[in-house]
Amino acid sequence: MSGPFNEPEEGSTSELLLDRAGRRRSPATMPGFHAGRPPHNKGLRIRPIRPRVEEMIALMRAAGDRPHGRRLRALIVLLWRAGLRIHEALALTEGDLDQRRGSLLIRHGKGGRRREVGLDAWGWEELRPWLELRPELPVGALLCVITGATCGRHWSPAAARAELRRTAAAAGVRRRFAPHQLRHAHAVEMAREGVPLIVIQRQLGHSNLGITSVYLQGIDSGEIIETVHARRAPMIPVSAYVRL
């Protein structure tokens with residue numbers, strides 16, 4: 001006789017157990033059901049959706065000028081204009097910024113690698129509202145907790161992502177908006193500006209150029225067609241033409 005919590009008889013793998021309410025449970029909820037099964041998305045390479053400039057500006061405006069809004073705008077600037085990973089941005093301390101040189105020091109990037117990255121003049125200008133407010137809080141992380149018992153400590157990635165999603169919805173951005181998309185936007189924009197691939201690789205902290213090339217898949221087909229269509233016609237020396 002079997003009850004709600006009895007184990008199925010040995011060899012009867014198709015038997016469905018019952019939950020507390022007496023309903024039959026799906027086999028997918030049973031321990032070991034997924035053992036040996038590859039994930040359904042294994043091998044798939046999902047192309048990142050790069051946000052448009054107007055969407056990122058709208059997001060920064062929606063953040064506002066209150067302390068929490070200034071902090072969020074600073075995070076957006078670090079992800080978008082310096083191409084940082086979210087954990088790299090949240091790990092920055094006040095001493096990691098060198099505005100005179102226009103650089104940021106990443107002490108522990110992916111794989112524990114240390115590197116310096118650049119930030120443009122517009123990015124520093126957009127950081128200024130938060131940098132002016134930051135000395136009023138306890139010494140510590142650059143993007144820190146603003147209120148409560150943990151004031152001054154590192155802002156958690158989960159909380160940063162949640163605030164980014166809420167602000168994106170308030171700004172009218174009607175699609176998924178993740179921090180890593182801003183990093184992709186940084187890579188594509190630098191490629192469009194003619195920055196050498198090796199410089200983009202070093203800025204992003206990639207271990208090889210192959211990873212960087214994946215980021216640049218955000219360049220749409222329309223831009224590729226326009227670039228190729230504008231190529232000059234082939235030219236040969238006049239002397240060669242006379243011989244023909």
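Every value quoted in this text rests on a predicted model; they were computed, and no experiment measured them.

### Structural notes on the nonpolar core
Counting residues in hydrophobic clusters, the biggest one holds 41 residues, and the most contacted among them are L75, L78, L84, W130 and L143. Going through the elements one at a time, α1 (53-63), α2 (67-80), α3 (86-90), β2 (103-106), α4 (121-133), α5 (157-170) and α6 (179-192) are the ones with two or more residues in this core. At 8 residues, α2 tops the list of elements feeding residues into this core. Setting aside residues no more than four positions away along its own chain, L75 makes contact with A89, L90, L143, W155 and A160. With 6 residues, the next largest nonpolar core counts A187, M190, I200 and L216 among its residues.

### A short note on helix α7 (residues 197-204)
The complete set of buried residues in α7 reads I200, Q201, Q203 and L204. Across the axial projection of α7, the buried residues extend over an arc of 165°, all falling on one side. Buried residues in α7 make contact with β3 (115-118), α6 and α8 (209-215).

### So, the packing of aromatic side chains
Per the counting criterion, the structure on display carries 1 aromatic pair. Aromatic pair W80 and W122: ring centres 5.7 Å apart, planes at 70°, arrangement edge-to-face. Placement of the pair is W80 in helix α2 and W122 in helix α4, with a sequence separation of 42 residues. The exposure class of W80 is buried, given its relative accessible area of 3%. Take W122: its relative accessible area is 35%, and that puts it in the partly exposed class. Positioned above the aromatic ring of W80, the side-chain terminus of R81 is 5.3 Å from the ring centre.

### Topic: the side chain of R85
Note on placement: R85 falls in the loop between α2 and α3. In this structure R85 comes out as buried when scored by relative accessible area, which is 8%. Reaching out from R85, the side chain makes a polar contact with the side chain of E88 at a distance of 2.6 Å. Residues within four places of R85 in sequence aside, it is in contact with L79, K110, R115, H180, R183, L204, G205 and H206.

### Brief notes about the pattern of salt bridges
A complete count under the given rule lists 13 salt bridges for this structure. The shortest N-O distance in the salt bridge between D65 and R73 comes to 3.5 Å. You can call D65 partly exposed: its relative accessible area is 49%. Judged by relative accessible area, which is 12%, R73 ranks as buried. The salt bridge partner of E88 is R115, with a shortest N-O separation of 2.9 Å. Residue E88 is located in helix α3, and its partner R115 is located in strand β3; the two are separated by 27 residues in the primary sequence. The same class applies to E88 and to R115, which are both buried. Counted as one network, the salt bridges with shared partners bring together R52, E54 and E55.

Definitions and limits used
Residues numbered from 1 in each chain as written. Predicted model: local features only at pLDDT ≥ 70, side-chain atom pairs only at ≥ 80, totals over all residues. Heavy atoms only, no water. Core = buried A, V, L, I, M, F, W, Y, C linked by side-chain atoms within 4.5 Å. Buried < 20%, exposed > 50% of the residue type's maximum accessible area, 1.4 Å probe, protein only. Helix = DSSP H or I, 4+ residues; strand = E, 2+ residues; numbered from the N terminus. Contact = heavy atoms within 4.5 Å. Arc of directions from axis to C-beta. Phe/Tyr/Trp six-rings, centres within 6.5 Å; stacked < 30°, edge-to-face > 60°. Lys NZ or Arg CZ within 6 Å of the ring centre and 35° of its normal. Polar contact = N/O pair within 3.5 Å; in protein donor to acceptor, adjacent residues only side chain to side chain. Salt bridge = Lys/Arg side-chain N within 4 Å of Asp/Glu carboxyl O.

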